[in-house]
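What follows is the residue order along each chain.
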Amino acid sequence: MKKTLLITGGAGFIGSHVVRLFVTKYPDYKIVNLDALTYAGNLENLKDIQDAPNYIFEKADITDEATINSIFAKYNFDGVIHLAAESHVDRSIIDPNAFIRTNVMGTANLLNAARTIWKDNMEGKRFYHVSTDEVYGSLGEEGFFLETTPYDPQSPYSASKAASDHFVRAYGNTYHMPFVITNCSNNYGPNHFPEKLIPLFINNIRNNKPLPVYGDGKYTRDWLYVVDHARAIDMVFHGGRNGETYNIGGFNEWQNIELVKLMCREMDKRLGRQEGESEKLISYIKDRPGHDRRYAIDATKINKELGWYPSVTFEEGLRITIDWYMANEEWLNHVTSGDYKKYYENQYTHR
Ligand code: NAD
Ligand code: TYD
């Protein structure tokens, strides 16, 4: 069936994998990638599909209401998959308003624009909002996040994502907007901007730079390979029930320090260093304010309803990821030039 879909944030980390999957798997769909190309957006991520006949790029900012309305009028989308966001917790601590603008106001603009073009017939339409497990807050040593876990966001980032989730549900309830929301755990993989733990540490190990571990390093995250997230988005977009939430996770919890040691061992092998060499770069630094102790997802619902399960083991995914960064030095050098240097100094010097 022919469809015109809007994917927002398609030049970012997860968005680029979602755009690639949809453009290649659904030649009958017209895929419009809308992205403001902030520091985190990079069209190099999509070089391999940029000339596909069913792919269109629109450079636009979701906070610009008039432009968003005109893009919706121009394409008359059948569906929206919304990933555009400010996504890094540390940046949200420095500048929360940027997160409120993009994640809350930007999402509201998209909802309003969709409502305008769909108001006479919502049949077959779908607003898919991509969210995070961080909206549920922080776990102790036991337990998992379920779809029914009450929201308890703790950082400006997660508060802004929680607010946007609430708006999507409110539009579903008030205006009968057909929607689905997924809340996913931490992703890793190729094209991940090197401000987040895994790509930052791969880059620093490569360059023999200190590895800044926050606090005691015993914070726990549930890691999922990004392509498996994109597969889940495809399944939920096509098979998920309207008005439902699905949690997506890797069944793969790691304490930061154990993960960092694993990355060091893998990188030692790649770089021909003696075992234990890269571990010497580990440097414990002042903790992130309000740092969530543990995230872990119970992904039973998406598994039972849609048959989704991660296809890549963590060992395999991490190997592919490290190989990708080692083979894509140019990409890394490009994204770590300019503003990145300023961000890095501000974030890590004197800490
Ligand atoms: P990212 O920071 O790599 O990419 C975000 C993209 O959005 C970039 O291309 C950027 O240019 C674009 N963007 C930012 N502000 C914009 C604006 N105002 N208008 C238009 N485009 C804008 O983020 P990501 O890690 O790929 O995350 C994508 C989505 O998935 C986000 O909504 C995030 O909350 C969610 N999520 C991420 C993770 C994760 O581990 N990275 C986990 C769960 C959910
Ligand atoms: P991050 O990749 O920023 O994802 P999130 O905070 O959204 O889960 O961080 C993952 C974990 O790694 C988190 O517990 C914070 C920690 N961390 C460090 O210890 N040092 C760092 O330099 C960064 C960026 C993160």
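This text follows the structure it describes.
Presented here is a report on the structure given in the accompanying data block. (Residues numbered from 1 in each chain as written. Chains lettered and ligands numbered in written order. Predicted model: local features only at pLDDT ≥ 70, side-chain atom pairs only at ≥ 80, totals over all residues. Heavy atoms only, no water.)

1. Considering the overall build of the protein
Link 1 in the chain: The helix and strand tally for the protein stands at 12 helices and 12 strands.
Link 2 in the chain: A compact globule built from 351 residues should have a C-alpha radius of gyration of about 20 Å, and the protein, at 20 Å, falls within 12% of that.
Link 3 in the chain: Counting over 351 residues, the protein shows a buried share of 57%.
Link 4 in the chain: Counting contacts in the protein only where the partners sit at least 6 residues apart, residues at least 24 apart contribute 83% of the total.
Link 5 in the chain: On the protein, roughly 15000 Å² of surface is accessible, and the fraction owed to carbon and sulfur atoms is 50%. (Helix = DSSP H or I, 4+ residues; strand = E, 2+ residues; numbered from the N terminus. Rg over C-alpha atoms; globule rule 2.2 N^0.38 Å. Buried < 20%, exposed > 50% of the residue type's maximum accessible area, 1.4 Å probe, protein only. Contact = heavy atoms within 4.5 Å. Areas by Shrake-Rupley, 256 points an atom, 1.4 Å probe, with all protein chains shown as cover.)

2. Here we look at the sheet that holds strand S10 (residues 244-248)
Link 1 in the chain: On the basis of which strands lie adjacent, the open sheet formed by seven strands has the order S3-S2-S1-S4-S5-S6-S10 and parallel pairing. The open sheet has two free edges, formed respectively by strand S3 (55-59) and S10, since each of these has just one partner strand. Here the strands of the sheet are splayed against their neighbours by 20 degrees on average, with no regard to which way each runs.
Link 2 in the chain: For strand S1 (residues 3-8) and strand S4 (residues 79-82), the ladder comprises four bridges, and the chain directions are parallel. Looking across to S4, one finds that Ile 7 is bridged to Ile 81.
Link 3 in the chain: In this fold helix H2 (residues 65-75) packs onto S1, strand S2 (29-35), S3 and S4, with an angle of close to 160 degrees to the strand it touches most, S3.
Link 4 in the chain: Each of S1, S2, S4, strand S5 (126-132), strand S6 (179-184) and S10 touches helix H7 (residues 226-239); the most contacted strand, S5, lies at about 145 degrees to it. (Pairing = 2+ DSSP bridges. Axes fitted to C-alpha atoms, helices over the stretch in contact; angles between N-to-C directions.)

3. Things to note about the nonpolar core
Link 1 in the chain: Among the nonpolar cores identified, the biggest contains 38 residues, and Ile 7, Phe 22, Ile 81, Tyr 128, Ile 248 and Ile 302 are the most heavily contacted of them.
Link 2 in the chain: If you list the elements that add at least two residues to this core, you get S1, helix H1 (13-25), S2, S5, S6, H7 and S10.
Link 3 in the chain: Once residues lying within four places of it in the same chain are set aside, the contact partners of Ile 81 are Leu 6, Ile 7, Thr 8, Phe 22, Tyr 128, Val 130, Ile 233 and Phe 237.
Link 4 in the chain: Membership of the second largest hydrophobic core comes to 35 residues, among which are Trp 223, Leu 262, Cys 264 and Trp 324. (Core = buried A, V, L, I, M, F, W, Y, C linked by side-chain atoms within 4.5 Å.)

4. Some points on the site of ligand 2
Link 1 in the chain: Lining the immediate surroundings of ligand 2 are 20 residues, of which Glu 134, Arg 221, Arg 288, His 291 and Tyr 348 lie closest.
Link 2 in the chain: Here Leu 197 contributes a backbone N or O atom positioned 2.9 Å from an oxygen atom of ligand 2.
Link 3 in the chain: A distance of 2.9 Å separates an oxygen atom of ligand 2 from a polar atom in the backbone of Tyr 214.
Link 4 in the chain: Protein coverage of the free-state accessible area of ligand 2, which is 520 Å², stands at 98%.
Link 5 in the chain: Sorting the residues of the shell around ligand 2 by element identifies helix H3 (89-94), helix H6 (197-206) and strand S8 (211-214) as the ones contributing at least two each.
Link 6 in the chain: Of the residues contributing to the shell around ligand 2, the split by class is 10 nonpolar, four polar and six charged. (Near = heavy atom within 4 Å. Polar contact = N/O pair within 3.5 Å; in protein donor to acceptor, adjacent residues only side chain to side chain. Nonpolar A, V, L, I, M, F, W, Y, C, P; charged D, E, K, R; others polar.)

5. Thoughts on helix H8 (residues 256-271)
Three or four residues apart is the spacing at which side chains of an α-helix point the same way, because the helix has 3.6 residues per turn.
Link 1 in the chain: In a regular helix each residue adds 1.5 Å, so 16 residues correspond to 22 Å; H8 covers 22 Å between its end C-alpha atoms and thus fits that length.
Link 2 in the chain: If you check which residues of H8 are buried, you get Asn 256, Ile 257, Leu 259, Val 260, Leu 262, Met 263, Cys 264, Glu 266, Met 267 and Asp 268.
Link 3 in the chain: Buried residues in H8 make contact with H6, S8, strand S9 (220-225), strand S11 (253-255), strand S12 (282-285) and helix H10 (314-327). (Expected span 1.5 Å × (residues − 1).)

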